[in-house]
Amino acid sequence: MGETKADGTKMVNVAEPQAVPAVNKSAKKAEGNSIFSWLIVLALLGAWISVAVIWFDLVEYNSVVGTLGGVYDADGDGDFDVEDAKVLLGLKEKDVTVETREAAYTRADASVNQKTEEVLAGESQRETESEVRDKGSESVSVTSVYEDKAAQTSDFHSFDSYENIDSTGELVVEALPEKTLELSATERYQEEESIPVKLEEINVTPESKAPPEKKLEPEPTAESVPLTQTAPETTPQTSAPQDSSESSPGHESTPEVTTETEAKKKKPKFFNKFDKTIKAEINAAEKLRKKGKVEEALRAFEALVQKYPQSPRSRYGKAQAEDDMAEKLRSNEMLLKAVNTYKEAADLPDAPADLIKATLKRRADRQQFLGRTRGSLATLEKLVQIFPEEITLKNDLGVAHLLIGDNKGAKQIYGEVLAMAPNDGFAKVHYGFILKSENKIAESIPYLREGLQSGEPGTDDGRFYFHLGDALQRMGDANEAYEWYETGYQHGHFASVWQRSLYNVPGLRAQPWWTAKETGFTDLVRMLERNWMTIRDEALAVLDTSSGLFLPEDENLRETGNWGQFTLWQQGRKVGTSCQSVPKTCAFLERYPEATSCKRGQIKFSVMQPGTHVWPHTGPTNCRLRMHLGLVIPHTGCRIRCTNQTREWEEGKVLIFDDSFEHEVWQEADSYRLIFIVDVWHPELSQSQRHALSPI
């Protein structure tokens, strides 16, 4: 360039370098923008490809995960994840073997099926008529709690079947725990039914020994007493150990049985050699089941069974999936399929011992749920044959015998258990329970006592506390009796030391004696007292006949004497043949649904002969109050005690008390005593609660 100024060179030298950098910077910027744009395009393309793969299901993720789980599952949890990478990189030790990895699944299986059992039980049971009711009996023996349970089937389509035993050793139908009263489904499953029978009230005289003052609460309120842990209504639970799908359930064996104790420390093994080769496929199907994808899991296991018909673990998984599906569909038919598939799995050759045990235990439990108690018994007998040294299975078998009313068979089983394991608390408490049902009172006490003292699973049951205390009272040891009642109260089985009913609605007013005004049933009381002579005359006409309409009390409540009853309403049902003999009395009562609809009580005449003493006892529930109308009352010698208050009847007058509190009766007069008993709903129960409650 030519110089035009003296400093032109300087100008040229400055100008040229300024132009060149400007061009280079622009080029670099354009190049950077281009690279960034390509990165954006590639990122978006990758994202859309990912979406397409997922949307159009181009990759079978379950098979990929299964493959990774089989090859790179280093930590034994059934899949490939960060923890597996840590193990492969040496950052974490491998601490789970192939077998124990399956144990993790079995524990999960147990949890799922335990939940299944609780839901099925809580919401899908129906009552069946017990053998005792067919005979027209008012009461049931102590062990009939198991017998009636056996007579009942459970149904996914009905929600009204609970069986239990009341505090006098009678069975009571518990279709719905009192949570139903809250208009919600039942929480807990116990497919049981029983026939209620609360005989007449029992008197206690001042001589009667009352519990120590420091432990007694003569008039406790329901709000102040602890209830059972599992449901708003306190209902005794069956003592059979609770089953789980894959691990040994329920009752633990005594520490002395070292072989079983050691076995419990080992995790169950469910895979034989062949099943280990297809473990990835089984795990993939099992994951679907554990995630609640029941239909997919069932299809997956069905495919596995079709592909590998000799695989015990695949067939067991199919049975579990059918079990889960039965819950989801509320289907007994599907549950029956599961029962059959459980058997198929256990019968396959080379099935692992742990799988056979878990499979047959679950099968027995589901059979019992379906009301197939004899089938359940046969399954448990097979288990005991395969595992003769396992105490828990023998104890389960003993309960199964009780469920079908075979006390003799149960007694033999528990005798064998105690010969093998003399300190087994579960066997002891049940053996004592059976002895007491045979009226071997003194002999039953040490077994019941030591069984409860063991604290083993299945022993902390309100019935055992009740019957131990009752046995001690009958043997004259009231102090120890009330100590056990106190313990039962502290454990939440009784509302108080005095109020020992087992089927209670929480929050109801609790007091031993009531006035007509307090009940709100003043019209009923006035009607009874106004018409007492008509009622008396009809009762005497029946009593004077030789037809034997007054049946003897058969609940083993009498120490001495004779006590007969003539029932007009039972569990809210009218006894038509009885009312034909006393039509006016029945006509009077028809207008009072608080009495005639009381499913947890009776309406009946009661005659007691001189020299009769009725042991202290309690009724089964706090849901009713009991009215006594005096008809023929000797001038002296007849009295009734409820808690620590003793009263006497008057002709034409009504006494009202809550028979869920301890009461006792003496008849020491020279002639018979005749009263009319009318049970009514507790006044604080709502109509919906009365409707939902099961009969007793």
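Predicted, not measured: the structure shown is a model, and the values here were computed from it.

Quick notes on the rules
- Residues numbered from 1 in each chain as written.
- Predicted model: local features only at pLDDT ≥ 70, side-chain atom pairs only at ≥ 80, totals over all residues.
- Heavy atoms only, no water.
- Helix = DSSP H or I, 4+ residues; strand = E, 2+ residues; numbered from the N terminus.
- Buried < 20%, exposed > 50% of the residue type's maximum accessible area, 1.4 Å probe, protein only.
- Contact = heavy atoms within 4.5 Å.
- Areas by Shrake-Rupley, 256 points an atom, 1.4 Å probe, with all protein chains shown as cover.
- Pairing = 2+ DSSP bridges.
- Axes fitted to C-alpha atoms, helices over the stretch in contact; angles between N-to-C directions.
- Salt bridge = Lys/Arg side-chain N within 4 Å of Asp/Glu carboxyl O.
- Disulfide = S-S within 2.5 Å.
- Polar contact = N/O pair within 3.5 Å; in protein donor to acceptor, adjacent residues only side chain to side chain.
- Expected span 1.5 Å × (residues − 1).
- Parallel < 35°, antiparallel > 145°, perpendicular 65-115°, else oblique.
- Left-handed = near helix turned anticlockwise from the far one by under 90°.
- Nonpolar A, V, L, I, M, F, W, Y, C, P; charged D, E, K, R; others polar.
- Arc of directions from axis to C-beta.

Quick question: what am I supposed to make of the overall build of the protein chain here?
The number of helices and strands found in the protein chain is 27 helices and 15 strands. Within the protein chain, the proportion of its 696 residues that are buried is 56%. Put simply, of all contacts in the protein chain between residues at least 6 apart along the chain, 74% involve residues at least 24 apart. When the accessible surface of the protein chain is totalled, it reaches about 29500 Å², and 54% of it is carbon and sulfur.

I'm lost on the sheet that holds strand β11 (residues 638-642) in this one. Help?
To summarise the sheet geometry, strands pair through backbone hydrogen bonds and adopt either a parallel or an antiparallel arrangement. Strand order in this open sheet of five strands is β5-β9-β14-β11-β12, and the pairing throughout is antiparallel. Pairing within the sheet leaves two strands with one partner each, and these edge strands are β5 (558-560) and β12 (645-647). Across the sheet, the mean angle separating the axes of adjacent strands is 20° when strand polarity is ignored. The pairing of β11 with β12 spans three bridges and is classified as antiparallel. Note that in β12 the partner of Cys-642 across the bridge is Gln-645.

Looking at this model, I keep getting lost on the pattern of salt bridges. Mind explaining?
Opposite charge on two side chains lets them pair, provided their charged atoms get close. What the rule picks out here adds up to 34 salt bridges. Across the pair Glu-416 and Lys-394 runs a salt bridge whose closest N-O atoms are separated by 3.2 Å. Placement of the pair is Glu-416 in helix α16 (residues 407-420) and Lys-394 in helix α15 (residues 391-403), with a sequence separation of 22 residues. A salt bridge links Glu-438 to Lys-411, with the shortest nitrogen-to-oxygen separation between them at 3.1 Å.

What is the right way to read the state of the cysteines from this model?
Cysteine pairs can be linked by a disulfide, which is a covalent bond between their two sulfur atoms. Taken as a whole and assessed by the stated rule, the structure comprises one disulfide. Across a sulfur-sulfur distance of 2.1 Å, Cys-579 and Cys-586 are joined as a disulfide pair. Judged by the sign of its S-S torsion, about -80°, the cystine formed by Cys-579 and Cys-586 is left-handed. There is no split in this pair, since Cys-579 and Cys-586 are both buried.

Sorry, what's going on with the side chain of Ser-444 here?
Examined against the element boundaries, Ser-444 turns out to sit in helix α18 (residues 441-454). A residue is classified by how much of its surface remains accessible, and Ser-444, at 0% relative accessible area, is buried. Among the polar contacts listed, one links the side chain of Ser-444 to the backbone oxygen of Ile-441, at a separation of 2.7 Å. With near-sequence residues (within four places) excluded, Ser-444 lies in contact with Gly-432, Leu-435, Lys-436 and Ala-471.

Would you explain helix α19 (residues 462-474) in this entry?
Structurally, the α-helix is built with 3.6 residues per turn, so residues lying three or four positions apart point the same way. If you check α19, its first and last C-alpha atoms are 18 Å apart, about what 13 residues at 1.5 Å a residue would give, namely 18 Å. Taken across its 13 residues, α19 has 13 buried, putting it largely inside the fold. Two residues or fewer past α19, Gly-476 is found with a positive phi of approximately 90°.

Even after reading the chapter, I still don't get unusual backbone geometry, so can you show me in this structure?
Phi is mostly negative for residues that are not glycine, and the peptide bonds are mostly trans. One non-glycine residue, Gln-571, adopts positive backbone phi at about 55°. Within the secondary structure layout, Gln-571 lies in the loop between β6 (563-570) and β7 (573-574). Although it is not a glycine, Thr-643 adopts a positive phi angle of roughly 55°. Among the structural elements, Thr-643 can be located in the loop between β11 and β12. Overall, Thr-643 belongs to the buried group, its relative accessible area being 0%.

Before we go on, may I ask you to explain the environment of Phe-369 in this structure?
Its location among the elements puts Phe-369 in helix α13 (residues 353-369). Along the primary structure Phe-369 and Leu-335 are separated by 34 residues, whereas in three dimensions their C-alpha atoms are 9.7 Å apart.

Can you help me understand the packing of α19 against helix α20 (residues 478-490) in this one?
When two helices pack together, their arrangement is given by the angle between the helix axes and the distance between those axes. Between α19 and α20, whose axes approach to 7 Å, the crossing angle comes to 170°. With respect to each other, α19 and α20 are oriented roughly antiparallel. Taken as a pair, α19 and α20 cross one another with a handedness that is left-handed. The residues of α20 that touch α19, namely those facing Tyr-465, Phe-466, Leu-468, Gly-469, Asp-470, Leu-472 and Gln-473, are Ala-478, Glu-480, Ala-481, Tyr-482, Trp-484, Tyr-485, Thr-487 and Gly-488. Of the residues in the contact of α19 with α20, the class split is nine nonpolar, four polar and two charged.

Please explain helix α22 (residues 522-530) as it appears in this structure.
When we look at burial in α22, the residues that qualify are Leu-524, Val-525, Met-527 and Leu-528. Each buried residue of α22 sits inside an arc of 160° when the element is viewed along its axis, so together they form one side.

I tried to follow the pairing of strand β15 (residues 673-681) on my own but got confused; where do I start?
On a regular strand, each side chain points to the face opposite its neighbour's, so the side chains alternate between the two faces of the sheet. With nine of nine residues buried, β15 lies mostly within the body of the structure. Looking at chain direction, strand β10 (residues 624-632) and β15 are connected through eight bridges and run antiparallel. Bridge pairing in β15 links Arg-624 to Trp-681.

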